[in-house]
Protein chains: 2
Amino acid sequence: MNSHRYCVIMCGGVGSRFWPFSRNDRPKQFLDFFGTGKSLLQLTVDRISSIVNPENIILVTNRQYAGIIREQLPEVKESNILLEPARRNTAPCICWAANHIHALDPQASIVTLPSDHLVLKEKEFEKAIREGLDFVESGDRLLTLGINPTGPNTGYGYIQQGAPTKGYPGIKKVKSFTEKPDLEMAKVFLESGEFFWNSGIFLWSADSILKAFEKYDAETSNIFASGAEVYGTPDEAKFIDSIFPNAPSISIDYAIMEKADNVFVKTVDLGWSDLGTWNALYAASPRNAEGNVTQNCKVLATDCSGSMFAVNGDKIIVAAGLKDYIVADNGNALLIYPIADEQKIRQIVNEVKARFGEDYV
Amino acid sequence: MNSHRYCVIMCGGVGSRFWPFSRNDRPKQFLDFFGTGKSLLQLTVDRISSIVNPENIILVTNRQYAGIIREQLPEVKESNILLEPARRNTAPCICWAANHIHALDPQASIVTLPSDHLVLKEKEFEKAIREGLDFVESGDRLLTLGINPTGPNTGYGYIQQGAPTKGYPGIKKVKSFTEKPDLEMAKVFLESGEFFWNSGIFLWSADSILKAFEKYDAETSNIFASGAEVYGTPDEAKFIDSIFPNAPSISIDYAIMEKADNVFVKTVDLGWSDLGTWNALYAASPRNAEGNVTQNCKVLATDCSGSMFAVNGDKIIVAAGLKDYIVADNGNALLIYPIADEQKIRQIVNEVKARFGEDYV
């Protein structure tokens, strides 16, 4: 394995849209959604371990989740877990990790992964990551993986591909980024054949991404550059605790990808879903003849269809007459909701918190 | 308090219609249905304690529930708990208790109570029981309390009243018993004004009921009479273990009440429900503006009506779009079912048991 290759897994997200399955103290990436015995985070680590030396896998998370990370990934060294003292979107996370890795290895290349996505085609994934790393190691380039869209989904960011690159089939220059279009626009995107879903999987060298920060997000760049000498030393955590809260809350897409002129997209078919909503999970799960999905649970359903039943723990659900519902039961909370209204779940979680307190969210 | 007055509380029933709230190891009488902090059984004991000396309250239950009875009623003496070694309907239960009490006090009068009913009007109850005991203590009579029917309920037994008794206003001779009539007949009964619901509350002297067993159910009578010398002695339990399984499984209504010629009914308005079904519990519970009942739980309901939410434990339910549903959550089982189909719940419980095992019922 190429010892200059690193992976950054971002696993500090909250994911309230999966309430009551995901909870404040156990968000989506830590859940075993498919009953495989592994959480989405554990699956992510497994997936990259054949490409990147496990010693070179860096986890970035919120300090709140230090315990659950150690529980789920006891084999990861303490020094490979970067604990954010505050919530600040993806740009500060990526900038810190790049500084950290650059200090360890100035020649490092990095693949940055979300920790809570579904990837069904592992071989395609491995091939894409290897080819992508080859590409970013051979020049000052920022690369993102673009997913062949399967429908006019309005929940994803879209990447428009431009000119092809010589010698790298499947990698094109990026023409534009568009965050969550409306349905009409998503349909136009889909028909054009030029647009791909933004997977949130990024590849670059440590050097290239740090240069890009300098150029396109000087504020974040300066905050992290101020401690150049401490990265990789025992003083790093203390330094981060002091400066991290000053970093702006900004996404990597907005800070860098939409602005830089050396951004490329590699289009892939990974059997991918961001599992961003119950509906996405429903779509990614095997259904029975009535179109019901049973997630980790025993269900006796009469006259139910298009519904998703999810339980955390050993439990039986007996239901009748539910059409297109989510039934999700976890600990002290139970959700019985029309799947079409799932966008309201975030708001519900806020209402639950306001009316009944933190213990239920 | 009249020291010859005894109470027998029958608390060995299974009550699978309230699954998953009621469970094999914790049937309905042991549940705190109304969130009052007391189970239906505890409320029953409280209700009779102002009329009958607590030392004279005898509990008859299945051996399986000995532990939960001691837990819920630690003040009851061991010798006042009669443990049935097998399930045999009400006649054997009543016959045993009558033999037991007669041995302790040949002059005893007995009020026999179900343990899982709702009685809202405690003063009416107390008055009816006192007057009823006076009546059965003054002659060889079997008395049952009849409830003013509030609708053509097909789930109850009906008692037709006949001629009045001299000196006991409100007490009439019984003309007929009818078990669970169909709706048409129930409507005719209601209109006639002659029919009352059978409350399952019986009053008689120990002597009278034992005579009635001799005359109308000789099989049961002989089985229990064979141990006349052991009642009230340390050998009673051993004797019962040996003979009880031989007793026929038969209800007191069928064995005695429908046959005897000295049966009377006292008509009362007790704010009574047998809480035999989720629908009965729904009807007996306070509703909010949308007609929803929330039993012991926190509920955030949108666009729900006519529904009943019941949870055992501290839990929040978030639900939308449910019309006339039961949502009942208890431990490892969750029921989401149209309230109109509640008669299927027994069958469901059997299916759950067959498919998933004893642990869920």
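Scroll up to find the structure.
In this report, the structure presented in the accompanying data block is examined. (Residues numbered from 1 in each chain as written. Chains lettered and ligands numbered in written order. Predicted model: local features only at pLDDT ≥ 70, side-chain atom pairs only at ≥ 80, totals over all residues. Heavy atoms only, no water.)

### So, the sheet that holds strand E16 (residues 325–330) of chain A
The following threshold applies: A pair of strands is considered paired only if DSSP assigns at least 2 bridges between the two. Only runs of H or I of at least four residues qualify as helices and only runs of E of at least two qualify as strands under DSSP, and these elements are numbered from the N terminus. To define axes, lines are fitted to C-alpha atoms, for helices over the stretch in contact only, and angles between the resulting N-to-C directions are given on a 0 to 180 degree scale. Residues count as neighbours in contact if any of their non-hydrogen atoms are within 4.5 Å of one another.
On the basis of which strands lie adjacent, the open sheet formed by six strands has the order E12(A)-E14(A)-E16(A)-E17(A)-E15(B)-E13(B) and mixed pairing. The open sheet is flanked by strand E12 (293–295) of chain A together with strand E13 (298–302) of chain B, the only strands paired with a single partner. Averaged over all pairs of adjacent strands, the angle between strand axes in this sheet comes to 5°, irrespective of strand direction. Sheet topology note: the strand E17 (residues 333–338) of chain A/strand E15 (residues 316–320) of chain B ladder contains four bridges and is parallel. For A:Ala333, the partnering residue across the bridge sits in E15(B) and is B:Ile316. The strands that helix H11 (residues 345–356) of chain A touches are E16 and E17 of chain A together with E13 and E15 of chain B; relative to E13(B), the one it contacts most, it runs at about 145°.

### A look at the sheet that holds strand E16 (residues 325–330) of chain B
Taken together, six strands build an open sheet; the order of strands is E13(A)-E15(A)-E17(B)-E16(B)-E14(B)-E12(B) and the sheet is mixed. Two strands bound the open sheet, and with one partner strand each, they are strand E13 (298–302) of chain A together with strand E12 (293–295) of chain B. Geometrically, the sheet is characterised by an average inter-axis angle of 5° between neighbouring strands, direction not taken into account. Note that strand E14 (residues 308–311) of chain B and E16(B) share four bridges and pair parallel. Looking across to E16(B), one finds that B:Phe309 is bridged to B:Val327.

### Things to note about the state of the cysteines
What counts here: By disulfide we mean two sulfur atoms from cysteines, separated by a distance within 2.5 Å.
Inspection of every chain in the model, using the stated rule, returns zero disulfides over all chains. In this structure A:Cys11 is not part of a disulfide, and its nearest cysteine sulfur, from A:Cys93, lies 8.3 Å away.

### Some thoughts on the packing of aromatic side chains
Residue and element names in this part refer to chain A. What counts is decided by this rule: Between the rings of Phe, Tyr and Trp (Trp by its six-membered ring), a pair exists once the centres lie within 6.5 Å; its type follows the angle of the planes, with under 30 degrees stacked, over 60 edge-to-face, and the other angles tilted. Each residue's exposure class comes from its accessible area (1.4 Å probe, protein chains only) as a fraction of the maximum for that residue type: buried when under 20%, exposed when over 50%, partly exposed otherwise. Comment: the charge-over-ring label is applied if NZ (Lys) or CZ (Arg) is within 6 Å of the ring centre and within 35 degrees of the ring normal.
Applying the stated criterion across every chain, the model contains 30 aromatic pairs over all chains. Measuring from centroid to centroid gives 4.8 Å for Phe135 and Tyr168, while their planes differ by 75°, and the two rings are edge-to-face. Of this pair, Phe135 sits in helix H4 (residues 122–137) while Tyr168 sits in the loop between strand E7 (158–164) and strand E8 (171–178), and the two are 33 residues apart along the sequence. By relative accessible area, which is 1% here, Phe135 ends up buried. Here Tyr168 falls in the partly exposed class, since its relative accessible area comes to 22%. The rings of Phe18, Phe21 and Trp278 are connected pair by pair, giving a single aromatic cluster. The ring of Phe264 has Lys173 sitting right over it, with the charged end atom 5.4 Å from the ring centre.

### As for the environment of A:Asp25
Residues and elements named next belong to chain A. Here Asp25 is to be found in the loop between strand E1 (5–10) and helix H1 (40–48). For Asp25, a relative accessible area of 55% puts it in the exposed group. On a C-alpha basis, the gap between Asp25 and Gln64 in space is 7.7 Å, while along the polypeptide they are 39 residues apart.

### Some remarks on the relation of the copies chain B and chain A
Rules: We superpose the copies by least squares over the C-alpha atoms of residues that have a pLDDT of at least 70 in both of them.
Superposing chain B onto chain A takes a rotation of 180° plus a shift of 0.1 Å along the axis, which leaves an RMSD of 0.1 Å. These values place the two chain copies in the arrangement generated by a two-fold rotation axis. Both copies share a contact surface, since 100% of the interface residues of chain B are interface residues in chain A too.

### Structural notes on the pairing of E16(A)
Successive residues of a regular strand alternate their side chains across the two faces of the sheet. Residue and element names in this part refer to chain A. Along E16, six of the six residues are buried, which leaves the element largely enclosed by surrounding structure. Residues of E16 alternate between two faces, with Tyr325, Val327 and Asp329 on one and Ile326, Ala328 and Asn330 on the opposite face, all of them buried. Across six bridges, E16 lies against E17 in antiparallel orientation. Pairing of Asn330 across the sheet is with Ala333, part of E17. Here E16 folds back onto E17, and the loop between the two strands holds two residues, one of which, Gly331, carries a positive phi near 55°.

### A word on the pattern of salt bridges
Put simply, the test is: Basic side-chain nitrogens of Lys or Arg form a salt bridge, by our definition, when they fall within 4 Å of a carboxyl oxygen of Asp or Glu.
With the rule as written, the count across this model stands at 44 salt bridges over all chains. The partner of A:Glu137 in a salt bridge is A:Arg5, with the nearest N and O atoms 2.8 Å apart. Of this pair, A:Glu137 sits in helix H4 while A:Arg5 sits in strand E1, and the two are 132 residues apart along the sequence. The residue B:Asp329 makes a salt bridge to B:Lys315 at a minimum N-O spacing of 3.2 Å. With a gap of 14 residues between them, B:Asp329 in strand E16 and B:Lys315 in the loop between E14 and E15 connect regions that are remote in the sequence. Judged on exposure class, the residue B:Asp329 and its partner B:Lys315 are both buried.

### Quick notes on the packing of helix H3 (residues 90–104) of chain B against helix H7 (residues 218–225) of chain B
Residue and element names in this part refer to chain B. Selection criterion: Throughout this description, any angle smaller than 35 degrees is read as roughly parallel, any larger than 145 degrees as roughly antiparallel, any in the 65 to 115 degree range as roughly perpendicular, and the remainder as oblique. Crossing handedness follows the turn of the near helix against the far one: under a right angle anticlockwise gives a left-handed crossing, and clockwise gives a right-handed one. For this scheme, ten residues count as nonpolar: Ala, Val, Leu, Ile, Met, Phe, Trp, Tyr, Cys and Pro. Four count as charged, namely Asp, Glu, Lys and Arg, and the remainder, Gly too, count as polar.
It is the contact of H3 with H7, at a shortest axis distance of 10 Å, that shows an interaxial angle of 40°. Of the possible angle classes, the one that applies to H3 and H7 is oblique. Regarding H3 and H7, the two cross each other, and that crossing is right-handed. Listed contacts from H7 to Pro92, Cys95, Trp96 and Asn99 of H3 are Thr220, Ser221 and Phe224. Across the contact of H3 with H7, the residue classes break down as four nonpolar, three polar and no charged.

### A short note on empty space enclosed by the protein
Here is the rule: Here a cavity is any set of points on a 1 Å grid over the protein atoms alone where a 1.4 Å probe fits but cannot get out, and a pocket is any open set with protein on both sides within 12 Å along at least 5 of 7 lines; a residue lines the site when it has an atom within 4 Å of a point. Grid points are joined across faces, edges and corners, and a volume is the space filled by probe spheres set on the points.
By the definition in use, this model includes four cavities of 30 Å³ or more. Of the volumes computed, that of the largest cavity is approximately 60 Å³. Lining of the largest cavity is provided by B:Thr44, B:Arg47, B:Leu113, B:Pro114, B:His117, B:Val119, B:Phe125, B:Ile201 and B:Trp272. At the level of elements, helix H1 (40–48) and strand E4 (109–114) of chain B are the ones that each hand at least two residues to the lining of the largest cavity. A per-class count over the lining of the largest cavity returns six nonpolar, two polar and one charged. Here the second largest cavity is characterised by a volume of approximately 50 Å³. Around the second largest cavity sit A:Thr44, A:Arg47, A:Leu113, A:Pro114, A:His117, A:Val119, A:Phe125 and A:Ile201, which together line it. If you list the elements that add at least two residues to the lining of the second largest cavity, you get H1 and strand E4 (109–114) of chain A. For the lining of the second largest cavity, the class distribution of residues is five nonpolar, two polar and one charged.

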